[in-house]
Amino acid sequence: MCKKMMHYKRYQHWNRKGDVLVVCVDEETSPLGLVCGNSGYNHKRVKPKLFYLLFLSLISFSFILAPQFLTSPHSFSLLYSFSSEERGLDPKTDVNACSSVSNGSICCERSSIRSDVCVMKGDVRMDSASSRITLYRNNDHSGYVLGNLDENDEVLWHEKIKPYTRKWEKSVMDTIDELDLVVEGEHSGIHQKCDVKHDVPAVVFSTGGYTGNLYHEFNDGLLPLYITSQHFNKRVVFVILEYHVWWIMKYENVLSHLTEYPIIDFSGDKRTHCFPEAIVGLRIHDELTVNSSLMGNNKTIRDFRDLLDRAYWPRIRGLNQDEEREARMNMEKLVSSPSSETKIVKVEEKKDLKKPKVVIIARNDSRAILNEASLVKLMEDIGFHVEVLRPQRTTELARIYRVLNSSDVMIGVHGAAMTHFLFMRPGSVFIQIIPLGTDWAAGTYYGEPAVKLGLKYIGYKIHPKESSLYDEYSKNDPVLTDPNSVNDRGWEFTKKIYLDRQNVRLNLGRFRKRLLRSYYHSVANKSSRLHHQSQ
């Protein structure tokens, strides 16, 4: 079923120059993909004009006599409906079918299993009271009325959308607010008055769902927001459903590099906001990444990280200056009463600066490293400068970014906190400790994206004896010997057993080999950086 959904593609587009063309494309339709059925809106036909009948006849005649016409890259310009399979295109290279929308048009991309995106261009007005975004356009007397509204209403097109990037996950999508997107003619009654008129586009999205989990905040929110809006060069207004003040405060450094305008709370702001264009929903490529082939300007995940760098460095400079000021004050106190101990401290600090730095992202609940103290000692014996980071929900991200951006190696047990690999410099090392039953998720959500960022990724898959579950189950139990069979029973079993009840006690003899590889890699990297800086 999932495979079918991945290949399913349907676009609907209202074209200002023509009339309504209802095109539903599905793997189960005819070779031409011309099946008009249940597509999320209702339509009824009224008496058309003679010209329109002739026009439809011409199109139908073309479909019958020239099926190859639809598959040509130069297809009839009025048909704003595309299918990657019908056109022989690779979906990965079919960049944003709604990227060029004519004025007075609405275009919806519904091809992705992850999210729907609709683009409205023209006189766009937002009404939070009715959860409705309306596009007003000239009445062209097409002879078609779409929607469930009164006979006298001139509703030309009606779409529904939930602007959140986990479309395939019904349980969470059921919690997301739904919007009505409507196209109306100019004579459909009194238009909503524009209380606030904007001269730049809007991007509308939800921060509901799994917001509150670091992985989802980046994967489902910030990265799709970057993908969808970065080409506007900050000349865009963000309109948020299920608005959270804490989310705005947490990511204000990043958001200020994507928009230079105040962010609008869709439900909380009762004024009618008018825009020349609105993108409703966010585009998403894959887990924690940016696919350059789907970006019009070839941006990659490294460009997103560069944005994080620009976003956090002003705050980091402030933190550094505060610490330097405090260090000078402490030094002045020590100088006033010099001792041999002061000299030793200075020497040790200089030595540590030359050592490769490793950061352990320590967990505060399950999947903790039970022999963490022994691990720290082992790493110090190898030659690392070690720092243990215990992020809390309230920890300022700029502080975490500063620690990881200056490190050579990051180590942590699989979980949402591994999202912090985005804060590492390309070329550094990321060691992910993989508990039993988490192989696929560890690789898919963090390992593969880390490689795309340019990190040296090392996955350390623990043996059953390194899991705390070894003390709870017999050595022949499927929980230890066949985690896949347990995962196949459903998410609730994976979560209850492998995520919520498992800790790790590392075999330091095994793990030492990964640490040595990381150490030598980091030393070589440091030498290379110093060489380039000296030139």
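What counts and what doesn't
- Residues numbered from 1 in each chain as written.
- Predicted model: local features only at pLDDT ≥ 70, side-chain atom pairs only at ≥ 80, totals over all residues.
- Heavy atoms only, no water.
- Pairing = 2+ DSSP bridges.
- Helix = DSSP H or I, 4+ residues; strand = E, 2+ residues; numbered from the N terminus.
- Axes fitted to C-alpha atoms, helices over the stretch in contact; angles between N-to-C directions.
- Contact = heavy atoms within 4.5 Å.
- Buried < 20%, exposed > 50% of the residue type's maximum accessible area, 1.4 Å probe, protein only.
- Expected span 1.5 Å × (residues − 1).
- Core = buried A, V, L, I, M, F, W, Y, C linked by side-chain atoms within 4.5 Å.

Asks: I keep staring at the sheet that holds strand S18 (residues 456-461) and nothing clicks. Help me out?
Replies: Paired through their backbone hydrogen bonds, the strands of a sheet run either parallel or antiparallel. The 5 strands lie next to each other as S15-S14-S16-S17-S18, forming an open sheet whose pairing is parallel. The sheet is open, and its two borders are formed by strand S15 (385-389) and S18, each paired with just one other strand. Neighbouring strand axes in the sheet, compared pairwise and without regard to direction, differ in orientation by 20° on average. When strand S14 (residues 357-361) meets strand S16 (residues 409-413), the two strands line up parallel, connected through 4 bridges. Among the inter-strand pairings, isoleucine 360 is bridged to a residue of S16, identified as isoleucine 411. Here helix H10 (residues 372-382) sits on the sheet in contact with S14, S15 and S16, set at roughly 155° to S15. Its contacts with the sheet place helix H11 (residues 397-405) against S14, S15 and S16, and it is angled at close to 140° to S14.

Asks: Could you clarify how one ought to interpret the pairing of strand S7 (residues 155-161) in this entry?
Replies: Working note: regular strand, side chains alternate between the two faces of the sheet. Most of S7 is tucked away, with 6 of its 7 residues classed as buried. With 6 bridges connecting them, S7 and strand S8 (residues 179-185) associate as antiparallel partners. Within S8, the position partnered with isoleucine 161 by the bridge is leucine 179.

Asks: Sorry, what's going on with helix H12 (residues 439-453) here?
Replies: Residues three or four positions apart in an α-helix share a direction because the helix packs 3.6 residues into each turn. Helix length check: H12 (15 residues) gives 20 Å between terminal C-alpha atoms against 21 Å at 1.5 Å per residue, within 8%. Turning to H12, its buried residues number three or more, namely Ala441, Ala442, Gly443, Thr444, Tyr446, Gly447, Pro449, Ala450 and Leu453. Glycine 454 occupies a position one or two residues after H12 and carries a positive phi of about 105°.

Asks: Help me understand unusual backbone geometry in this model?
Replies: For residues other than glycine, phi is negative in most cases, and the peptide bonds are mostly trans. For lysine 234, which is not a glycine, the phi torsion comes out positive at approximately 75°. For lysine 234, a relative accessible area of 30% gives the class partly exposed. Positive phi, close to 50°, is recorded for glutamate 242, a residue that is not glycine. Within the secondary structure, glutamate 242 sits in the loop between strand S11 (237-241) and helix H6 (245-250). When its relative accessible area of 18% is taken as the criterion, glutamate 242 is described as buried.

Asks: Sorry if this is basic, but what is going on with the nonpolar core here?
Replies: The tendency in soluble globular proteins is for nonpolar side chains to be buried side by side. Counting residues in hydrophobic clusters, the biggest one holds 57 residues, and the most contacted among them are Val203, Phe218, Tyr251, Leu308, Tyr312, Phe421 and Phe423. Per-element tally for this core: the top contributor is helix H5 (residues 214-229), with 8 residues. Look past the residues within four positions of leucine 308 in its chain and what remains in contact with it is Phe218, Val254, Tyr401, Leu422 and Phe423.

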